[in-house]
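# Remarks on the overall topology
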Amino acid sequence: MKVVIKNTRKREEKMRTKSRFFTVLTVLILVIGIAGSLPAQEAKGGDTKADHGDLTTKATNPVGSLIQLQLQNLYIPSSDNSSGYANTAIIQPVIPFDLGDGYFQGIITRTTMPIVTTPEVNDNRVTGVGDITSIVALTHTSPGSQKGEFFTWAPVGAVVLPTASKDRTGADVWQLGPGLLGLTNLNFSNGDNVLLGLLAYHLWDASGEEDDPDISKTFAQPVIVYKFKSLFGQNGWYIRNPDDLWSYDWKEDAWDQIPAGAYMGRVFQIGKQPVNVFGGGWYNAGDSDEGTTADYAFKLSFSFLFPAK
């Protein structure tokens, strides 16, 4: 009798997962479709400042000199070693500071504040604030041979604040580490351009407490953003690889997460307010069997952009 009930619950959970999958997919298609059909002003511009990028390039550049307020939602239909869905709502302000005409022209800060709903483990699911991660990059940008082309490199520092409000919504331990970023923007003869690069950093636990988890992880964000000069008769469209982090756990000697997928988005204006909207999904090609790592996920992102006037 218990086996029958358990199997029935599994079938019901699979049906709920499929329902959530198609619901999220439908929402993503609708949002991107609405973004493409809005009769809004196009987000334009190229400038002569240090990053040599138009608004779409700045909005998709992890160290672009552009104030942003990013609101994202990452939905995970299923995870290893657990049952049911998980979800992370993300508030991510990006704030640049201009350093003038010295070798390092700017400081870019990017802070990630998550609200985490965990998958079910032993029939228990929790929701709470996660650990806050802050990245600081000291950027140097050199112009390329053509207008809009550039190369940027930056030493990076990362810190994780132990702000998790529940046991499973974060490690709840101080973490620190160094990193490095390099990226370039290249033009094509048809007017399209591509942003290519890599942001990587390593984190160790830094609390010094014996009872805290022993952490040694490397995180990487490959950047591949193809920006169309015009698509659907509009400017601002792009496709990109997921902006979610790859992670390698040196203690387990395994990749926890390798997001393999694609996002599509557009930078445009609603009235006078520039925004960046994108959505898509990915499959986790990582091979870790530890913890509750995602099998696959969907993300929807809406960002307010505040370009310098």
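Shown above is the structure to which this text applies.
So, a few notes on the structure that sits alongside this text.

Along the chain, the position of Gln 221 falls in strand β9 (residues 216-227). Assessed through its relative accessible area of 4%, Gln 221 is described here as buried. A polar contact is formed between the side chain of Gln 221 and the side chain of Arg 110, at a distance of 3.3 Å.

Counted by the stated rule, this structure contains 5 salt bridges. Note that Glu 120 and Arg 125 form a salt bridge whose closest N and O atoms lie 3.3 Å from each other. For Arg 125, a relative accessible area of 23% gives the class partly exposed. For the salt bridge of Lys 299 with Asp 244, the shortest nitrogen-to-oxygen distance reads 2.9 Å.

When you line up the elements, Thr 56 lands in helix α2 (residues 55-60). Look at Thr 56 and you get buried, because its relative accessible area is 6%. Discounting chain neighbours no more than four positions away, the residues touching Thr 56 are Lys 227, Gly 236, Tyr 238 and Val 267.

Right, let's talk about a nonpolar patch on the surface for a bit. On the surface, Ile 67, Leu 69, Leu 71, Ile 91, Met 113 and Phe 306 cluster together into a nonpolar patch covering about 440 Å² of accessible area. Ranked by the residues each element gives to the nonpolar patch, the list is headed by strand β1 (residues 67-79), at 3 residues. Structurally, Phe 306 is set in strand β15 (residues 294-306). Note on Phe 306: relative accessible area 40%, which makes it partly exposed.

Once that is clear, we can look at the pairing of β15. Put simply, side chains in a regular strand alternate between the two faces of the sheet. With 11 bridges connecting them, β1 and β15 associate as antiparallel partners. Looking across to β15, one finds that Gln 70 is bridged to Ser 303. Across 9 bridges, the pairing between strand β14 (residues 273-284) and β15 is antiparallel. Bridge pairing links Asn 276 to Ser 303 in β15.

The description of an aromatic ring pair uses the distance of the two centres, along with the angle that the planes make with each other. By the definition in use, this model includes 13 aromatic pairs. For the pair Tyr 103 and Phe 104, a centre-to-centre distance of 5.1 Å together with 85° between the ring planes defines the contact as edge-to-face. Judged by its relative accessible area of 24%, Phe 104 is partly exposed. With centroids separated by 5.2 Å and ring planes inclined at 70°, the aromatic side chains of Phe 302 and Phe 304 adopt a geometry described as edge-to-face.

Cut-offs applied
- Residues numbered from 1 in each chain as written.
- Predicted model: local features only at pLDDT ≥ 70, side-chain atom pairs only at ≥ 80, totals over all residues.
- Heavy atoms only, no water.
- Helix = DSSP H or I, 4+ residues; strand = E, 2+ residues; numbered from the N terminus.
- Buried < 20%, exposed > 50% of the residue type's maximum accessible area, 1.4 Å probe, protein only.
- Polar contact = N/O pair within 3.5 Å; in protein donor to acceptor, adjacent residues only side chain to side chain.
- Salt bridge = Lys/Arg side-chain N within 4 Å of Asp/Glu carboxyl O.
- Contact = heavy atoms within 4.5 Å.
- Patch = residues over 30% accessible without salt bridge, like charges linked within 9 Å, V, L, I, M, F, W, Y side chains within 5 Å.
- Areas by Shrake-Rupley, 256 points an atom, 1.4 Å probe, with all protein chains shown as cover.
- Pairing = 2+ DSSP bridges.
- Phe/Tyr/Trp six-rings, centres within 6.5 Å; stacked < 30°, edge-to-face > 60°.

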